[in-house]
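Structural features, examined
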2 protein chains.
Amino acid sequence: MIRVGIMGYGNLGRGIECAIKQNPDMELKAVFTRRNPKSVTILTEGAAVYSAEKAQSMSNEIDVLILCGGSATDLPKQTPEYARYFTVVDSFDTHAKIPEHFENVDKAAKEGGNIAVISAGWDPGMFSLNRLYANAVLPNGNDDTFWGKGVSQGHSDAIRRVAGVADGKQYTIPVDKALEAVRNGENPQLSTREKHIRECFVVPENGADLDRIEQEIKHMPNYFADYDTTVHFITQEELNQNHSGIPHGGFVIRSGKTGWNEENSHVIEYSLKLDSNPEFTASVIAAYARAACRMKAEGITGCKTVFDIAPAYLSPLSGEELRARML
Amino acid sequence: MIRVGIMGYGNLGRGIECAIKQNPDMELKAVFTRRNPKSVTILTEGAAVYSAEKAQSMSNEIDVLILCGGSATDLPKQTPEYARYFTVVDSFDTHAKIPEHFENVDKAAKEGGNIAVISAGWDPGMFSLNRLYANAVLPNGNDDTFWGKGVSQGHSDAIRRVAGVADGKQYTIPVDKALEAVRNGENPQLSTREKHIRECFVVPENGADLDRIEQEIKHMPNYFADYDTTVHFITQEELNQNHSGIPHGGFVIRSGKTGWNEENSHVIEYSLKLDSNPEFTASVIAAYARAACRMKAEGITGCKTVFDIAPAYLSPLSGEELRARML
């Protein structure tokens with residue numbers, strides 16, 4: 001039985017709790033929170049909620065600690081900190097800062113004699129794996145990644161910062177025509193605008209200037225200016241009823257050529273269609289938590305990513321079972 | 001530089017030769033054949049063609065020997081035999097016999113102090129990987145694999161054994177409706193007939209009874225009787241002109257539920273669209289040949305499958321490069 005601790009109980013932490021329920025070789029031991037533990041109600045009978053400070057004293061009762069903080073400020077501190085005392089898994093997703101995060105975590109994990117898996121999830125994570133496999137198999141080719149249809153938390157936050165906006169949600173949507181061209185191996189040179197569109201559902205405050213809000217959103221640098229953006233004004237009730245989910249997904253496509261004269265074309269496509277971004281991310285993390293515990297039991301230490309972990313470690317099945325059933 | 005030997009120079013062997021050309025860290029050292037070496041012309045300048053018997057004496061000149069024989073009779077003998085002397089990779093694809101093949105090869109490879117990668121290709125191979133990853137991530141779900149559109153060598157051979165048939169080719173085609181239902185997470189219970197159709201292009205001998213041929217094909221047990229099969233009679237010229245390729249592909253789809261009450265659905269889909277089945281298989285093998293050589297250099301021995309090999313081993317890029325570019 002793998003005894004799991006969860007650090008941070010937001011959408012991702014709750015997703016981890018749900019994932020543990022589906023994996024019979026795992027049990028939730030404790031949830032750690034920076035809030036008042038008494039104010040946090042979890043779903044799992046028999047698991048406890050403690051203050052985050054208590055975690056360190058429980059290193060003998062927890063086989064793997066899953067870090068559910070944010071990538072901006074929490075994980076850069078937390079993952080190296082806890083890797084000294086625990087086998088840990090995080091889903092650090094600031095792509096550009098992964099090399100730096102890796103170095104910091106690797107040092108701490110090695111000093112602690114632990115395994116730390118970083119950037120487990122779907123992007124980074126399953127998408128990264130598919131980029132690597134497809135590139136290794138088709139060295140002569142082109143990559144494209146499309147995201148959506150799904151909710152972008154960052155863009156939704158940006159909308160809500162506009163004056164006169166009470167609430168809002170943004171969907172990132174891949175452009176069908178671009179997707180088809182890539183899928184057909186046409187290797188199109190696509191601008192940012194040609195790959196994705198952005199659709200916003202905005203609840204205005206009473207008496208707000210809708211036209212000004214729409215223009216402000218559409219011209220917001222970095223977030224919307226480079227995209228074709230549509231803005232729909234709706235009521236809070238409509239937003240709650242039709243846009244309360246956190247769906248996401250996307251496509252990783254590699255097209256490439258083989259043959260002595262590059263005469264044959266191939267397309268490798270991996271796609272996800274997810275009702276709940278945090279729950280799917282949590283499900284990936286749970287599988288990598290299993291892998292981390294197994295690798296630690298073999299004496300392996302240091303920071304690992306999805307690239308460094310043999311697939312068999314993720315499955316509860318034995319090598320014999322995997323070969324007989326899935327190969 | 002990884003020095004590669006190819007055992008057997010048919011479609012797959014030639015595919016390996018083409019794949020080596022695309023991988024700057026590999027060079028083709030020699031092709032071994034059971035035919036008269038003088039009768040075999042290869043594409044690579046500077047590589048030699050030898051009789052198969054000569055291979056064993058060249059174990060110091062070759063880092064990895066790729067076995068391109070058939071799964072029915074060649075590989076069950078060849079892979080254990082050569083694993084004693086070489087790091088080897090095969091694409092053994094008789095799914096039901098993989099466990100037995102694994103045991104035989106594992107023993108030989110360990111005795112020889114070598115690595116032997118078996119069943120590298122796309123199914124088994126990339127499809128297997130995707131089944132494993134998707135099952136580990138979504139333990140509560142359903143799998144489906146569809147093949148095609150593509151040429152089935154076994155079914156084409158079966159057509160050509162029918163009396164009165166001069167030549168023929170068979171395409172396996174997934175049924176769109178079934179694919180859509182699986183993709184939509186409907187978890188349909190699909191019969192063999194509902195998943196794939198079989199389309200045959202047949203060149204009859206002069207004066208052959210076309211109706212008898214068509215009935216004989218359509219009712220052939222195991223091969224066609226359980227499928228909706230269409231038979232088109234065409235000329236040898238049409239066959240040569242329109243059906244000389246060896247395309248293939250398919251879809252691995254897992255749909256699953258997450259959430260405390262299984263309230264959220266997810267679909268993971270991996271698909272391949274391949275102009276040349278043997279060249280793509282060869283491209284996968286080439287990547288695993290690189291992995292095998294690296295693992296051997298680390299002192300790892302025994303039989304391995306795609307499940308046992310960490311993805312990073314497949315790529316010519318370093319860990320740092322992979323994290324910076326692909327994670």
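The shown structure was predicted, so the numbers you read here are calculated from the model rather than taken from an experiment.

Calculation criteria
- Residues numbered from 1 in each chain as written.
- Chains lettered and ligands numbered in written order.
- Predicted model: local features only at pLDDT ≥ 70, side-chain atom pairs only at ≥ 80, totals over all residues.
- Heavy atoms only, no water.
- Helix = DSSP H or I, 4+ residues; strand = E, 2+ residues; numbered from the N terminus.
- Rg over C-alpha atoms; globule rule 2.2 N^0.38 Å.
- Buried < 20%, exposed > 50% of the residue type's maximum accessible area, 1.4 Å probe, protein only.
- Contact = heavy atoms within 4.5 Å.
- Expected span 1.5 Å × (residues − 1).
- Lys, Arg positive; Asp, Glu negative; His and termini not counted.
- Salt bridge = Lys/Arg side-chain N within 4 Å of Asp/Glu carboxyl O.
- Polar contact = N/O pair within 3.5 Å; in protein donor to acceptor, adjacent residues only side chain to side chain.
- Least-squares fit on C-alpha atoms with pLDDT ≥ 70 in both.
- Buried area = accessible area lost by both parts, 1.4 Å probe.
- Nonpolar A, V, L, I, M, F, W, Y, C, P; charged D, E, K, R; others polar.
- Pairing = 2+ DSSP bridges.
- Axes fitted to C-alpha atoms, helices over the stretch in contact; angles between N-to-C directions.
- Core = buried A, V, L, I, M, F, W, Y, C linked by side-chain atoms within 4.5 Å.

Some words on the overall build of chain A
When you go through chain A residue by residue, the secondary structure sums to 11 helices and 14 strands. The C-alpha atoms of chain A give 22 Å as radius of gyration, which agrees with the globular expectation for 327 residues (20 Å, within 12%). C-alpha extents for chain A along the principal axes are approximately 65 × 60 × 35 Å. Burial analysis of chain A (327 residues in total) assigns 57% to the buried set. Sequence separation of at least 24 residues holds for 68% of the intrachain contacts in chain A that already meet a minimum separation of 6.

Considering helix α10 (residues 277-297) of chain A
Residue and element names in this part refer to chain A. Look at α10: 31 Å from first C-alpha to last across 21 residues, which is about the 30 Å you get at 1.5 Å a residue. Among the 21 residues that make up α10, 18 are buried, leaving the element largely enclosed by the rest of the structure. Of the residues flanking the end of α10, it is G299, one or two places downstream, whose phi is positive at about 90°.

Some points on the side chain of B:E279
Summarising the element assignment, B:E279 is placed in helix α10 (residues 277-297). Despite its burial, B:E279 pairs with no opposite charge, the nearest such side chain being B:R14 at 7.3 Å. Of note is the side chain of B:E279, whose polar atom sits 3.1 Å from the backbone nitrogen of A:G259. Within the local environment of B:E279, its side chain forms a polar contact with the side chain of A:N264, the two groups lying 3.0 Å apart.

Quick word on the relation of the copies chain B and chain A
When chain B is fitted to chain A, the residual RMSD is 0.0 Å, and the transformation amounts to a turn of 180° plus an axial shift of 0.0 Å. In the structure described here, the two chain copies are related by an operation that fits a two-fold rotation axis. Looking at the rotation axis and the C-alpha trace of chain B, the residue lying nearest is B:A310, at 1.9 Å.

So, the interface of chain B and chain A
Contacts between the two partners involve 71 residues from chain B, matched on the other side by 71 residues from chain A. Buried surface at the junction of chain B and chain A, both sides included, amounts to about 6,100 Å², of which 63% is carbon and sulfur. Taken together, chain B and chain A are joined by zero salt bridges. Joining chain B to chain A, the criterion identifies 28 residue pairs in polar contact (both at pLDDT 80 or more). If you tally residues by element for the side of chain B that touches chain A, the top one is strand β13 (residues 264-274) of chain B, at 11 residues. Residues belonging to the side of chain B that touches chain A are distributed by class as follows: 35 nonpolar, 21 polar and 15 charged. Here nine bridges tie strand β13 (residues 264-274) of chain A to β13(B), and the two strands are oriented antiparallel to one another. The partner of A:L272 across the bridge, within β13(B), is B:I268.

Structural notes on the sheet that holds strand β8 (residues 150-151) of chain A
Residue and element names in this part refer to chain A. Strand order in the open sheet formed by four strands is β8-β9-β10-β11, and the pairing between neighbours is mixed. The open sheet has two edge strands with one neighbour each: β8 and β11 (228-233). Pairing between strand β9 (residues 165-174) and strand β10 (residues 196-204): nine bridges, direction antiparallel. Along β10, the bridge assignment pairs Q170 with C200. Across the sheet, helix α8 (residues 210-218) lies against β9, β10 and β11, angled at about 150° from β11, the strand it touches most.

Comments concerning the nonpolar core
Counting residues in hydrophobic clusters, the biggest one holds 166 residues, and the most contacted among them are A:Y288 and B:Y288. Setting aside residues no more than four positions away along its own chain, B:Y288 makes contact with A:Y133, B:V89, B:V117, B:A120, B:L129, B:V306, B:I309 and B:L314.

Here we look at the environment of B:A72
All names here are of chain B. Note on placement: A72 falls in the loop between β4 (64-67) and α2 (74-83). Looking at A72, the relative accessible area reads 70%, which means it is exposed. Taking the C-alpha atoms as reference points, A72 and V117, separated by 45 residues in sequence, lie 18 Å from one another.

A look at unusual backbone geometry
Trans is the common state for peptide bonds, and a negative phi is the common state for residues other than glycine. B:D123 connects to B:P124 through a cis peptide bond whose omega is 5°. With respect to the helices, strands and loops of the structure, B:P124 is situated in the loop between β6 (115-117) and α4 (126-137). Here B:G148 and B:K149 are connected by a cis peptide whose omega angle stands at 0°. By the element assignment, B:K149 lies in the loop between β7 (141-147) and β8 (150-151). At A:S119, a position not held by glycine, the phi torsion is positive, near 60°. Looking at where A:S119 falls in the secondary structure, it is placed in the loop between β6 (115-117) and α4 (126-137). A positive phi angle, near 70°, is found at A:N222, a position not held by glycine. For A:N222, a relative accessible area of 67% gives the class exposed.

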